[in-house]
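# Close look at the chain arrangement
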Amino acid sequence: MPHTPDTAATPEPGDDHTTTLFDECGRPAPAPLLGRRALLAAAGAAAVSPLALPTPARAASPGPHRPGRAPGWRPARGHYLIRNAALVSVDPVIGNRARADIEVLDGRIVQVGPNLRARGAQVINASKMIAMPGFVETHYHMWSALGRNFVSTGFEYFAAKSATVAAYQPDDFYHSVLLGLVECASAGITTVNNWAHNVRGPEYADAELHAHADGLVRARYSYGHRDGQPATQPIDFADIDRVRSTWFGRKSPFDGLVHLGVNLRGPGQLPTS
């Protein structure tokens, strides 16, 4: 399948000079780069480009805890009793059951069986429904979930991403990741690997992790490079260390729900010598 060129977003928005192009695998692709004005004109002919919209205020990098919340604060996750579900457990001990009740407390299944009692639990009638483990999404660039709004006929994914990648602000990352997490939950995905390949600075990583803390979907946050980053420039390992100590240390807000990973570029994205 031919590779569609993907613009390296090293210049700031507004630069109109030529720079290197990369395909979706990060390999250099010789093709002319349209400047921001030309991209806006092309985008406007097919879709409303976010570059033409007011730019959100740039978020600071406040760390994992919102002002006014104590360290280690976690949102309540509820107490539920799922009644009369057809259970497909994928567990050799529990097995499959035509009818079963499931008690869930603070995001964890605490008991499974017939005719359960759970004082104070919100009851969910699951008769004529199947209860089963959720799906796992192994590779999702969650920072660009909002970018599907920019795509249209003649202005496809890679063209839209190239036109907008450098315009994202940390607040955009927060809302995009949160949107992606909601979509995952709606689709039955309960674990997602956020393959973060446009980490443009520490405040962007913090914005994504804020969204994970608020989204309450099991995830791995795989910290990576900036979209279009030169192959000779390593990812920011110092900031990965900061993220590990700040977000995944003793006062982590995730309670084991989110884990840290590293998005390493493949051989096709690295120098040959």
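Source: prediction; values computed, not measured.

Mapped onto the secondary structure, Arg 265 falls in the segment after strand E11 (258-262). Of the polar contacts made by the side chain of Arg 265, one reaches the backbone oxygen of Pro 230; its length is 3.2 Å. Side-chain polar atoms of Arg 265 contact the backbone oxygen of Gln 233, separated by 2.5 Å. Not counting the four nearest positions on each side in its chain, Arg 265 is found in contact with His 225, Gln 229, Pro 230, Ala 231, Gln 233, Pro 234, Ile 235 and Leu 270.

In this section: the side chain of Asp 239. Following the sequence through the fold, Asp 239 ends up in helix H5 (residues 237-247). On the basis of relative accessible area, Asp 239 is assigned to the buried category, the value being 5%. Within the local environment of Asp 239, its side chain forms a polar contact with the side chain of Tyr 223, the two groups lying 2.6 Å apart. A polar contact is formed between the side chain of Asp 239 and the side chain of Arg 242, at a distance of 2.4 Å. With sequence-adjacent residues up to four places away left out, Asp 239 is seen in contact with Pro 202, Ala 205 and Tyr 223.

What the rule picks out here adds up to eight aromatic pairs. Ring geometry for Phe 173 against Tyr 204: centres 4.9 Å apart, planes inclined by 75°, an arrangement best described as edge-to-face. Separated by 31 residues along the polypeptide, Phe 173 in helix H3 (residues 170-186) and Tyr 204 in helix H4 (residues 202-215) bring together distant segments of the chain. Relative to Phe 254, the ring of Phe 248 has its centre 5.2 Å away and its plane inclined at 35°; by these criteria the two rings are tilted. One aromatic cluster is present, formed by Trp 143, Tyr 168, Phe 173 and Tyr 204 through successive ring pairs.

Moving on, we come to helix H2 (residues 157-164). Counting buried positions over the eight residues of H2 gives six, a clear majority of the element. Among all positions in H2, only Phe 158, Ala 160, Lys 161, Ser 162, Ala 163 and Thr 164 are buried.

Spatially, the four strands line up as an open sheet ordered E8-E9-E10-E11, and their pairing is parallel. The open sheet terminates on both sides in strands that have one partner only, identified here as strand E8 (135-140) and E11. The mean inter-strand angle of the sheet, taken between neighbouring strand axes irrespective of direction, is 15°. In this structure, strand E10 (residues 218-223) lies alongside E11, joined through five bridges in parallel fashion. Each bridged residue has a counterpart across the sheet, and for Ala 219 the counterpart in E11 is Val 258. Packed on one face of the sheet, H4 meets strand E9 (189-196), E10 and E11 and runs near 175° to E10.

Moving on to the packing of H4 against H5. Between H4 and H5, the shortest axis-to-axis distance is 11 Å and the interhelical angle comes to 35°. Once H4 is placed against H5, the crossing between them reads as right-handed. Where H4 approaches H5, its residues Pro 202, Ala 205, Asp 206, Leu 209 and His 210 are matched on the opposing element by Asp 239, Arg 242, Val 243 and Trp 247. Considered class by class, the residues forming the contact of H4 with H5 number five nonpolar, one polar and three charged.

Definitions and limits used
- Residues numbered from 1 in each chain as written.
- Predicted model: local features only at pLDDT ≥ 70, side-chain atom pairs only at ≥ 80, totals over all residues.
- Heavy atoms only, no water.
- Helix = DSSP H or I, 4+ residues; strand = E, 2+ residues; numbered from the N terminus.
- Polar contact = N/O pair within 3.5 Å; in protein donor to acceptor, adjacent residues only side chain to side chain.
- Contact = heavy atoms within 4.5 Å.
- Buried < 20%, exposed > 50% of the residue type's maximum accessible area, 1.4 Å probe, protein only.
- Phe/Tyr/Trp six-rings, centres within 6.5 Å; stacked < 30°, edge-to-face > 60°.
- Pairing = 2+ DSSP bridges.
- Axes fitted to C-alpha atoms, helices over the stretch in contact; angles between N-to-C directions.
- Left-handed = near helix turned anticlockwise from the far one by under 90°.
- Nonpolar A, V, L, I, M, F, W, Y, C, P; charged D, E, K, R; others polar.

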